[in-house]
Amino acid sequence: MTQDTSGRSASAEETRSPEFHPYHHPAAGWGAAKSVSRFVIREGEFVDGPRAIRKMNHEDKGFDCPGCAWPDDLKGLKLDICENGIKHVTWEMTRKRVDPEFFAAHTVSELATWSDAALEDQGRLTHPMRYDADTDTYVPVSWQEAFDLVGSTLRGLDNPNQAAYYTSGRLGNEATFLYQLMARELGTNNLPDCSNMCHEASGRALQAALGTGKGTADLKDWEVTDALFILGVNAASNAPRMLTSLAEAYKRGAQIVHINPLVEAAARRTIIPHDFVDMALFKSTPTSTLNLQPRIGGDMALLRGMAKAIIAESETDPKALDREFIERHTSGFAAYRALVEATTWKEIEEQSGLTQAQVEQAARVYCDADRSIFSWCLGVTQHEHGVDTVREIVNVLLLRGNLGREGAGPSPVRGHSNVQGNRTCGIDHRPSKEFLDRLATACGIDPPREHGLDTVGTIEAMHAGDVKVFVGMGGNFALAAPDTPYTFDALRRCELTVQVSTKLNRSHLVHGRQALILPCLGRTEKDSQTAGEQSTSVEDAMSMVHLSRGMKRPASPHLLSEPAIIAGMARAALPDSATPWESYVEDYDRIRDTMAKALEGFEDFNRRVRLPLGFRIKQPARELVFRTPTERAEFSAAELPDVVPAAGMLKLGTMRSHDQWNTTIYSDDDRYRGIKNLRTLIFMNEDDMSERGLKLFDEVDITSVAKDGSTRSLYRYKAVPYDIPQGCAAGYMPEMNVLCAIGDYSTQSDQPLMKNVNVRVVPAAPAK
Ligand SMILES: Nc1nc2c(c(=O)[nH]1)N[C@H]1C(S)=C(S)[C@@H](COP(=O)(O)OP(=O)(O)OC[C@H]3O[C@@H](n4cnc5c(=O)[nH]c(N)nc54)[C@H](O)[C@@H]3O)O[C@H]1N2
Ligand SMILES: Nc1nc2c(c(=O)[nH]1)N[C@H]1C(S)=C(S)[C@@H](COP(=O)(O)OP(=O)(O)OC[C@H]3O[C@@H](n4cnc5c(=O)[nH]c(N)nc54)[C@H](O)[C@@H]3O)O[C@H]1N2
Ligand SMILES: [Mo]
């Protein structure tokens, strides 16, 4: 295989030597400003860039930041933007282009030897392209020819379940709705999405416990809460606008507890970027009152310990538990209480990696607070017991009635800017009967009822030859998915792979027998259709739905919008369809009119989405209405899992650096963790390093051992001593997906165990 499956990134790494200097400055502030200006200059965007940034996240005809899903400031803050949001937008607006001449000059085999960073750095895709096996190049194709190829291949399948339709969480709501409609009209629920690797566990846990798959707290709650518990999120890099909320909470006197094996930048201090006085005076604000570093996978034991301390406290202080709330609104308390009491402190200490005193300290903060919010991200979800852990978060919230009132509740930090909207609008391989019934009535189709394939299921089915057509609506499936060589193989076995993208990436080079690259408009760009310029809607992590409108001239006149591409494929695949595909594309208001009928909570969609700040989708659990079998919030009573690594092994969590967006690597630096010019690294506890005779930047070989005993290795990674509990290690995705076995997914959520890889680390074998 000629591909660089390790995804080794920027060439810089080869020329500049790695550096490690622990970072002592506050998050955001001038470090961020400097990094942004360097990036904007590199992309040649110093004219349009700043102009566009002023339009970002603006209510008045602005576009929604295509970065993370953190909600917009409620007061319409003019500069509620962040370093990484700016990089993200600038990345989309680059002046560089990947046109037919580029493809003519480079065979696919040659491009396959390039680094991932180099591929994306070529710029925006300009023309629809088809893979030509004779010349091993991508050649231009007309849109109609491309659609006809998709249509005829889909029509030629023995059954509609031989195709899978992936979504990365960028897709706007209107395109999302059309996409799932196309799949279901064709007859399949094979709708894998990035959420299958991300917050599937949160959705399933919240659904089971509260009857709604989403968080219930919003920014207003963040503004008044007394205590914030932040678990497993690197907010300064991945949801930077959360820094503002943390700093404001601190200034108000709220308690902020960070629970993370690593003390990340957001757990220290920040300079609020839009606070000009703070910026000018280098004035920083703390963003934490307590940092706890459990072992990887130790969150559930910590939460169980908090529950144990709260229940113990209730014997002397009846107010420690909200008995009235428990009585009126919950079920299962007795069984949970019995389980908590039966769990020993010894087990809690061993499994959390924390002392009883530390756990009790967290419980003290919780009991002293009238209102608490728990917020979490991938550090909690990408585990075997991710669902149980999120349910344990809910258990702890329920003990003190922290639900359905101001300033309280669960608040997961979602990933991609519209990943939550994708699920709301139908991207779900396990749709409910109610959803399908409504869709059938609103759209006059007969959707399939059997569940479809998720991300891991799709890869396995492609491998087995059961899925022959793969359509990727955005994203970079080849690199984002686990078990890189296995996933590559799976994609290569397809009859046809179709990637709807804005930039060149690995998924274009790891393709089926036939392959298409279909370039689309980005969110910053004007979307002109027959009825005029169109807006699309998105939903943030706190269930606010609002419009986004691009303002830039498209990167190429040949680009189509995502709704237009979906409609083109749908019409070609379903020539007799009664769905008005063409008419939908002429005017997205028409899509929204149908969505208003098909989707719960979208009544009167076209009017409400145009209100200032849009509208919030109703959350029944927020009103203490629980759509669970008991019509109450349900305590869960799951045994604590054993997360202590076996002798000689480490638990490895794969994560993002500061300078990357999932599979897009901006540079080989990770500023807040003090790293420069290095991605092929593994952060380790100093004792674990000295046990292996390792010093800073010594080379190691890393071997993962999967549940089935199979092994996978990465070679010549550099060890970096880091403040992380013994037995734990961390390194970067997507490179480390090589270590994630395809069969290692959670039996609770089907999520790949990307933060729970069992590895052996040894000094690198001498080069041969
Ligand atoms: N700039 C930027 N922003 C992004 C993204 C990006 O790549 N770049 N990606 C977006 C997407 S799709 C998502 S899903 C989010 C991801 O946002 P995060 O969840 O912050 O993503 P990760 O980098 O995977 O970091 C996970 C954090 O979990 C911690 N962790 C690891 N194991 C454990 C554990 O067992 N317990 C606890 N408590 N913590 C643990 C790590 O130390 C790290 O701080 O960010 C979104 N925003
Ligand atoms: N080991 C490991 N693996 C992980 C994770 C981890 O923590 N560890 N995290 C997982 C998570 S949380 C996620 S969400 C996935 C991310 O998986 P994906 O969402 O599949 O990957 P991205 O890197 O976000 O996709 C980037 C590509 O999207 C395309 N793109 C960008 N903007 C647009 C647009 O507006 N429209 C279209 N059509 N395309 C666009 C560009 O071509 C770009 O190359 O990765 C998962 N993989
Ligand atoms: Mo994600």
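Everything in this summary refers to the structure shown in the same document.

Reading the values: rules and limits
- Residues numbered from 1 in each chain as written.
- Chains lettered and ligands numbered in written order.
- Predicted model: local features only at pLDDT ≥ 70, side-chain atom pairs only at ≥ 80, totals over all residues.
- Heavy atoms only, no water.
- Buried < 20%, exposed > 50% of the residue type's maximum accessible area, 1.4 Å probe, protein only.
- Helix = DSSP H or I, 4+ residues; strand = E, 2+ residues; numbered from the N terminus.
- Pairing = 2+ DSSP bridges.
- Salt bridge = Lys/Arg side-chain N within 4 Å of Asp/Glu carboxyl O.
- Patch = residues over 30% accessible without salt bridge, like charges linked within 9 Å, V, L, I, M, F, W, Y side chains within 5 Å.
- Areas by Shrake-Rupley, 256 points an atom, 1.4 Å probe, with all protein chains shown as cover.
- Lys, Arg positive; Asp, Glu negative; His and termini not counted.
- Charge placed at Lys NZ, Arg CZ, Asp CG, Glu CD.
- Near = heavy atom within 4 Å.
- Polar contact = N/O pair within 3.5 Å; in protein donor to acceptor, adjacent residues only side chain to side chain.
- Contact = heavy atoms within 4.5 Å.
- Expected span 1.5 Å × (residues − 1).
- Core = buried A, V, L, I, M, F, W, Y, C linked by side-chain atoms within 4.5 Å.
- 1 Å grid on protein atoms, 1.4 Å probe; cavity = no way out; pocket = protein on both sides within 12 Å on 5 of 7 lines; lining within 4 Å.
- Points joined across faces, edges and corners; volume = space filled by probe spheres on them.
- Nonpolar A, V, L, I, M, F, W, Y, C, P; charged D, E, K, R; others polar.
- Phe/Tyr/Trp six-rings, centres within 6.5 Å; stacked < 30°, edge-to-face > 60°.
- Lys NZ or Arg CZ within 6 Å of the ring centre and 35° of its normal.
- Axes fitted to C-alpha atoms, helices over the stretch in contact; angles between N-to-C directions.
- Parallel < 35°, antiparallel > 145°, perpendicular 65-115°, else oblique.
- Left-handed = near helix turned anticlockwise from the far one by under 90°.

Digging into the pairing of strand E18 (residues 514–519)
Right, so step 1: Most of E18 sits inside the fold, with 5 of its 6 residues counted as buried.
Right, so step 2: The pairing of strand E5 (residues 129–132) with E18 spans 2 bridges and is antiparallel. Residue pairing for E18: arginine 130 is matched across the bridge by leucine 516.
Right, so step 3: For strand E17 (residues 496–501) and E18, the ladder comprises 6 bridges, and the chain directions are parallel. Looking at E18, one finds that valine 500 is bridged to leucine 518.

What about the pattern of salt bridges?
Right, so step 1: In total, this model carries 40 salt bridges according to the counting rule given.
Right, so step 2: A salt bridge links lysine 96 to aspartate 121; the shortest N-O distance between them is 3.1 Å. Residue lysine 96 is located in the loop between helix H4 (83–93) and strand E3 (97–98), and its partner aspartate 121 is located in the loop between helix H7 (116–120) and strand E4 (124–125); the two are separated by 25 residues in the primary sequence.
Right, so step 3: Its salt-bridge partner being glutamate 582, residue arginine 571 comes within 2.7 Å of it at the nearest N-O pair. In this pair, arginine 571 sits in helix H28 (residues 562–573) while glutamate 582 sits in helix H29 (residues 581–586), placing the two residues 11 residues apart along the sequence.

A closer look at a negative patch on the surface
Right, so step 1: A cluster of like negative charges, contributed by Glu347, Glu350, Glu639 and Asp642, occupies part of the molecular surface.
Right, so step 2: Position of glutamate 347 relative to the elements: it lies in helix H18 (residues 345–352).

Description of the site of ligand 1
Right, so step 1: Around ligand 1, 28 residues are found, and the nearest of them are Glu264, Gly297, Asp299, Asn662 and Lys755.
Right, so step 2: In this structure, glutamate 264 approaches ligand 1 through a side-chain N or O atom, which is 2.5 Å from an oxygen atom.
Right, so step 3: Protein chains shield 98% of the accessible area of ligand 1, which is 930 Å² for the free molecule.
Right, so step 4: Counting residues per element, the ones that place at least two in the shell around ligand 1 are helix H12 (235–238), helix H20 (378–381) and strand E26 (660–661).

Quick look at the environment of glycine 298
Right, so step 1: With respect to the helices, strands and loops of the structure, glycine 298 is situated in the loop between strand E12 (290–292) and helix H15 (299–313).
Right, so step 2: Residues glycine 298 and glutamate 101 lie 197 residues apart in sequence; the distance between their C-alpha atoms is 53 Å.
Right, so step 3: Contact partners of glycine 298, with chain neighbours within four places excluded, come to Gln351, Ser352 and Val643.

Considerations on helix H8 (residues 143–155)
Right, so step 1: If you check H8, its first and last C-alpha atoms are 18 Å apart, about what 13 residues at 1.5 Å a residue would give, namely 18 Å.
Right, so step 2: Along H8, the residues that are buried comprise Trp143, Ala146, Phe147, Leu149, Val150, Gly151, Thr153 and Leu154.

Thoughts on the nonpolar core
Right, so step 1: Counting 60 residues, the largest nonpolar core has Leu154, Tyr165, Phe177, Tyr179, Met182, Leu518 and Met569 as the members making the most contacts within it.
Right, so step 2: Excluding residues within four positions of it along the chain, methionine 569 makes contact with Phe147, Val150, Met182, Val471, Met473, Val498 and Leu518.

Remarks on the layout of surface pockets
Right, so step 1: Approximately 1,200 Å³ is the volume attributed to the largest pocket.
Right, so step 2: Lining the largest pocket are 36 residues, and of these Gln207, Gly213, Lys214, Ser432 and Glu600 sit closest to its centre.
Right, so step 3: Put simply, the parts of the chain that give the lining of the largest pocket at least two residues each are helix H10 (200–210), helix H22 (419–424) and helix H23 (433–443).
Right, so step 4: If one sorts the elements of the lining of the largest pocket by residue count, H10 sits on top with 4 residues.
Right, so step 5: Tallied by class, residues from the lining of the largest pocket come to 6 nonpolar, 14 polar and 16 charged.

What to know about the packing of aromatic side chains
Right, so step 1: The final tally for this structure, using the stated rule, is 21 aromatic pairs.
Right, so step 2: Ring centres 4.6 Å apart and planes at 55 degrees place the aromatic pair phenylalanine 683 and tyrosine 722 in the tilted group. One end of the pair, phenylalanine 683, is in strand E29 (residues 681–684); the other, tyrosine 722, is in the loop between strand E31 (711–721) and strand E32 (728–732), with 39 residues separating them in the sequence.
Right, so step 3: An aromatic cluster is present here, built from Phe102, Phe103, Trp114, Tyr131 and Tyr138 joined pairwise through their rings.
Right, so step 4: Above the plane of the ring of tyrosine 366 lies arginine 400, whose end atom (NZ or CZ) is 5.7 Å from the centre.
Right, so step 5: Its end group placed over the ring of phenylalanine 615, arginine 608 keeps NZ or CZ at 4.1 Å from the ring centre.

Digging into the site of ligand 2
Right, so step 1: Ligand 2 sits among 31 residues. The nearest are Tyr166, Arg170, Ala480, Glu562 and Thr663.
Right, so step 2: Asparagine 662 is positioned such that a nitrogen or oxygen atom in its side chain is 3.1 Å from an oxygen atom of ligand 2.
Right, so step 3: Protein contacts shield 98% of the accessible area of ligand 2, which totals 930 Å² for the unbound molecule.
Right, so step 4: Across the shell around ligand 2, the residue classes tally to 12 nonpolar, 13 polar and 6 charged.

Things to note about the sheet that holds strand E10 (residues 269–271)
Right, so step 1: Across the sheet, which stays open at both edges, the 3 strands sit in the order E2-E10-E11 with mixed pairing between neighbours. Every interior strand has two partners, whereas the edge strands, strand E2 (27–28) and strand E11 (285–286), have only one.
Right, so step 2: As paired elements, E10 and E11 share 2 bridges and run antiparallel to each other. Its bridge partner lying in E11, arginine 269 is registered against proline 286.

Observations regarding the environment of asparagine 234
Right, so step 1: Within the fold, asparagine 234 resides in the loop between strand E8 (227–231) and H12.
Right, so step 2: Asparagine 234 sits in the buried class, given a relative accessible area of 9%.
Right, so step 3: Each residue touching asparagine 234, except ones within four places of it in the same chain, is listed here: Ala239, Glu264, Arg656 and Arg673.

Examining the sheet that holds strand E21 (residues 536–539)
Right, so step 1: The sheet built from 3 strands is open, its strands ordered E21-E22-E23 with antiparallel pairing. In the strand order of this sheet, the two ends are held by E21 and strand E23 (615–616), each with one partner.
Right, so step 2: Sheet analysis places E21 next to strand E22 (residues 544–548), joined by 4 bridges and oriented antiparallel. Along E22, the bridge assignment pairs glutamate 539 with valine 545.
Right, so step 3: The sheet strands contacting helix H9 (residues 173–186) are E21 and E22, and the helix crosses E21 at an angle near 90 degrees.

Quick word on the pairing of strand E14 (residues 372–376)
Right, so step 1: For E14, the buried fraction is high: 5 of the 5 residues fall into the buried class.
Right, so step 2: Going residue by residue along E14, you find Ser372, Phe374 and Trp376 tucked away on one face and Ile373 and Ser375 tucked away on the opposite face as well.
Right, so step 3: In this sheet, E14 lies alongside E8 in parallel orientation, the contact comprising 5 bridges. Paired with alanine 227 across the bridge in E14 is serine 372.

A word on helix H19 (residues 356–368)
Right, so step 1: Spanning 13 residues, H19 covers 18 Å between terminal C-alpha atoms, matching the ideal 18 Å at 1.5 Å per step.
Right, so step 2: Among the residues of H19, those classed as buried are Val359, Ala362, Ala363, Val365, Tyr366 and Cys367.

Let's talk about the packing of H9 against helix H30 (residues 588–598)
Right, so step 1: The geometry of H9 relative to H30 is characterised by a closest axis approach of 10 Å and an angle of 65 degrees between their N-to-C directions. Overall, the two elements H9 and H30 adopt an arrangement that is roughly perpendicular. Relative to H30, H9 is oriented so that their crossing is left-handed. Contacts between H9 and H30 involve Asn173, Glu174, Phe177 and Leu178 from the first element and Tyr588, Ile591, Arg592, Thr594, Met595 and Ala598 from the second.
Right, so step 2: Considered class by class, the residues forming the contact of H9 with H30 number 6 nonpolar, 2 polar and 2 charged.

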